[in-house]
Amino acid sequence: MTAEHAETRSAHGPAAAVTTLLAWLSPAFPVGGYAYSHSLEQAVEDGDVRDEATLEIWLTDALSLGLGRNDAILLQVAHRAAAAEDFGMLAEANELALAFAPTRELHLETSQQGRSFLDAVLAAWPNERLLAVGKRLGGEVAYPVAVGAAAACHGVPPETAASAYLVALTQALVSAGVRLAPIGQTSGAKIVGRIAPLANRLAAAAAHATLDDLANATFRLDLGSARHETQYTRLFRS
């Protein structure tokens with residue numbers, strides 16, 4: 001495929017950005033997200049998540065106090081770095097994103113999905129800018145960094161990408177919750193509908209944040225992830 005042909009796949013305008021994100025963040029996109037619960041499986045085992053209400057509380061805390069806020073920052077920092085072809089900053093964001101994963105399982109979750117995502121986009125939506133990014137991001141790639149860099153290379157606005165990423169993350173974790181706890185699909189959909197505005201607020205708040213603004217206060221989730229590594233029976237890799 002020529003570079004000229006590949007460039008025609010870049011997003012131009014709001015509609016194109018939306019369709020690109022729908023494809024990239026679909027459960028069918030080959031990143032293996034269905035295999036991870038981000039410690040939710042341990043939370044169900046411990047009784048912290050028992051029903052619709054407790055799942056919503058757990059997800060809200062996970063997004064606002066750690067995972068969601070940090071990923072929104074990392075995604076948009078990576079977007080700015082890739083757009084400016086600041087490969088030093090892009091590498092720094094990726095290294096810090098990987099280091100921020102507090103357990104082996106959570107490191108695997110972000111690095112495996114990030115590598116798979118970037119490889120899939122490079123194969124199906126290649127362009128010259130993304131090829132240059134791909135050469136710089138060899139080895140492990142954190143998932144939000146991969147999404148942010150790919151979005152920049154395809155003209156998808158950073159805040160739009162961050163909002164869509166967080167909603168897709170919420171949907172993935174709700175899907176895990178439906179499989180783990182006595183929660184029906186309609187209840188899961190209601191949770192996603194109530195949390196979506198939070199995803200938008202987190203993306204907007206992170207629009208001008210830097211790597212110095214990263215923080216995490218989800219201690220029980222992190223400890224649960226460490227305990228999940230030795231949980232007797234498991235459906236998920238994290």
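For the chain, an unreviewed UniProt entry supplies the name Urease accessory protein UreF and the organism Hansschlegelia plantiphila. Under Subunit (unreviewed entry), UniProt gives the following word-for-word description of the chain: "UreD, UreF and UreG form a complex that acts as a GTP-hydrolysis-dependent molecular chaperone, activating the urease apoprotein by helping to assemble the nickel containing metallocenter of UreC. The UreE protein probably delivers the nickel." The UniProt entry for the chain carries this comment under Function (unreviewed entry): "Required for maturation of urease via the functional incorporation of the urease nickel metallocenter."

Draft legend 1. Quick peek at the packing of helix α4 (residues 52-65) against helix α11 (residues 185-205). Put simply, α4 and α11 touch, their axes get as near as 10 Å, and they point 20 degrees apart. Considering their axes alone, α4 and α11 lie roughly parallel with respect to each other. In this structure, α4 crosses over α11, and the sense of that crossing is right-handed. Taken together, the residues of α11 that come into contact with α4 (itself represented by Glu-52, Leu-55, Glu-56, Leu-59, Thr-60, Leu-63 and Ser-64) are Ser-187, Lys-190, Ile-191, Arg-194, Ile-195, Leu-198 and Leu-202. Partitioning the contact of α4 with α11 into residue classes produces seven nonpolar, three polar and four charged.

Draft legend 2. Region of interest: helix α5 (residues 67-83). Over its 17 residues, α5 extends 24 Å from the first C-alpha to the last, a length consistent with the 24 Å expected when each residue adds 1.5 Å. Most of α5 sits inside the fold, with 14 of its 17 residues counted as buried.

Draft legend 3. Examining the layout of surface pockets more closely. Roughly 950 Å³ of volume is contained in the largest pocket. Of all the elements in the fold, those that place two or more residues in the lining of the largest pocket are α2 (14-24), α5, α6 (87-100), α7 (104-124), α9 (143-153), α10 (158-180), α11 and α12 (219-228). Looking at which element gives the most residues to the lining of the largest pocket, the answer is α10, with twelve residues. The residue inventory of the lining of the largest pocket, partitioned by class, reads 32 nonpolar, 13 polar and four charged. Looking at the second largest pocket, its volume works out to about 320 Å³. Contributing elements (two or more residues each) for the lining of the second largest pocket: α3 (40-46), α4 and α12. Tallied by class, the residues present in the lining of the second largest pocket amount to nine nonpolar, five polar and five charged.

Draft legend 4. Just the nonpolar core, in detail. Among the nonpolar cores identified, the biggest contains 77 residues, and Trp-24, Leu-40, Trp-58, Leu-90 and Phe-117 are the most heavily contacted of them. By residue number, the principal contributor to this core is α10, which donates ten residues. The contact partners of Phe-117, leaving out residues within four places of it in the chain, are Trp-24, Phe-29, Val-31, Tyr-143, Ala-146, Val-147 and Ala-150.

Draft legend 5. Just the environment of Gly-193, in detail. Locating Gly-193 in the fold gives a position in helix α11. Among the residues examined, Gly-193 registers a relative accessible area of 48% and is labelled partly exposed. Separated by 23 residues in sequence, Gly-193 and Thr-170 place their C-alpha atoms 9.9 Å apart.

Parameters and conventions
- Residues numbered from 1 in each chain as written.
- Predicted model: local features only at pLDDT ≥ 70, side-chain atom pairs only at ≥ 80, totals over all residues.
- Heavy atoms only, no water.
- UniProt positions renumbered as here; feature names shortened; annotations may be inferred.
- Axes fitted to C-alpha atoms, helices over the stretch in contact; angles between N-to-C directions.
- Helix = DSSP H or I, 4+ residues; strand = E, 2+ residues; numbered from the N terminus.
- Parallel < 35°, antiparallel > 145°, perpendicular 65-115°, else oblique.
- Left-handed = near helix turned anticlockwise from the far one by under 90°.
- Contact = heavy atoms within 4.5 Å.
- Nonpolar A, V, L, I, M, F, W, Y, C, P; charged D, E, K, R; others polar.
- Expected span 1.5 Å × (residues − 1).
- Buried < 20%, exposed > 50% of the residue type's maximum accessible area, 1.4 Å probe, protein only.
- 1 Å grid on protein atoms, 1.4 Å probe; cavity = no way out; pocket = protein on both sides within 12 Å on 5 of 7 lines; lining within 4 Å.
- Points joined across faces, edges and corners; volume = space filled by probe spheres on them.
- Core = buried A, V, L, I, M, F, W, Y, C linked by side-chain atoms within 4.5 Å.

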